[in-house]
Amino acid sequence: ENMLKDHKSAVEQIARFMDINLPSDEIECIMKQTTKEGMLKHHEVFACRTQARNAHKARGFAFDETKLVGKVRRDTGAAKMRAEGSNIDAAVGRAWKHVAAAKTGFVDYESMRQSHRS
């Protein structure tokens, strides 16, 4: 929500959360790349298949797109398959538990949001 109001602060906050020290020119670059216009201009890099392919490659895993599940876009990005919300929620919950809980001390995203609102 607040990311749209103060984009630069949001980028800086995420970098701090990830323990990354970014120079101002990189922050400006990230800000341009993460606007709606920037993402629409380079939409192909945000396609689920591209992300899956890159994640597999980075970890040295073989990539078999026939085994992709959930929200997957065709290479054109034009057609979308709908994923069940409960599957997405469960995946986000597992990822939060694995990555964010230890770093933030919050058991889930909603707990963190409530803490920051008070």
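See the structure printed just above.
In this text the structure is predicted, and so the values were computed from the model without any measurement.

## Here's the deal with the overall build of the chain
- Looking only at helices and strands, the chain has seven helices and zero strands in total.
- The helix and strand sequence of the chain, counted from the amino end, reads α-α-α-α-α-α-α.
- By the burial criterion, 14% of the 118 residues in the chain qualify as buried.
- Long-range pairs, those at least 24 residues apart, make up 28% of the contacts in the chain with a sequence separation of at least 6.
- Within the structure as shown, the chain displays about 9,800 Å² of accessible surface, and the carbon and sulfur contribution to it stands at 56%.

## Concerning the packing of helix α2 (residues 7-17) against helix α3 (residues 24-33)
- Their axes nearest at 10 Å, the elements α2 and α3 cross at an angle of 115°. Here α3 runs roughly perpendicular to α2, going by the angle between their axes. Handedness of the crossing formed by α2 with α3: right-handed. Two secondary-structure elements touch here, α2 through His7, Lys8, Val11 and Glu12 and α3 through Ile27, Glu28, Ile30 and Met31.
- Residue composition of the contact of α2 with α3, by class: four nonpolar, one polar and three charged.

## Details of unusual backbone geometry
- Despite not being glycine, Asp19 shows a phi value in the positive range, around 60°.
- Here Asp19 is to be found in the loop between α2 and α3.
- In this structure Asp19 comes out as exposed when scored by relative accessible area, which is 64%.

## A short note on the packing of aromatic side chains
- Following the criterion strictly, the structure yields one aromatic pair and no others.
- Between the aromatic rings of Trp96 and Tyr109, the centroid separation amounts to 6.3 Å while the plane-to-plane angle is 75°, which identifies the pairing as edge-to-face. You can see Trp96 sitting in helix α6 (residues 85-104) and its partner Tyr109 sitting in helix α7 (residues 109-117), a full 13 residues away along the chain.
- For Trp96, a relative accessible area of 14% gives the class buried.

About the criteria used
- Residues numbered from 1 in each chain as written.
- Predicted model: local features only at pLDDT ≥ 70, side-chain atom pairs only at ≥ 80, totals over all residues.
- Heavy atoms only, no water.
- Helix = DSSP H or I, 4+ residues; strand = E, 2+ residues; numbered from the N terminus.
- Buried < 20%, exposed > 50% of the residue type's maximum accessible area, 1.4 Å probe, protein only.
- Contact = heavy atoms within 4.5 Å.
- Areas by Shrake-Rupley, 256 points an atom, 1.4 Å probe, with all protein chains shown as cover.
- Axes fitted to C-alpha atoms, helices over the stretch in contact; angles between N-to-C directions.
- Parallel < 35°, antiparallel > 145°, perpendicular 65-115°, else oblique.
- Left-handed = near helix turned anticlockwise from the far one by under 90°.
- Nonpolar A, V, L, I, M, F, W, Y, C, P; charged D, E, K, R; others polar.
- Phe/Tyr/Trp six-rings, centres within 6.5 Å; stacked < 30°, edge-to-face > 60°.

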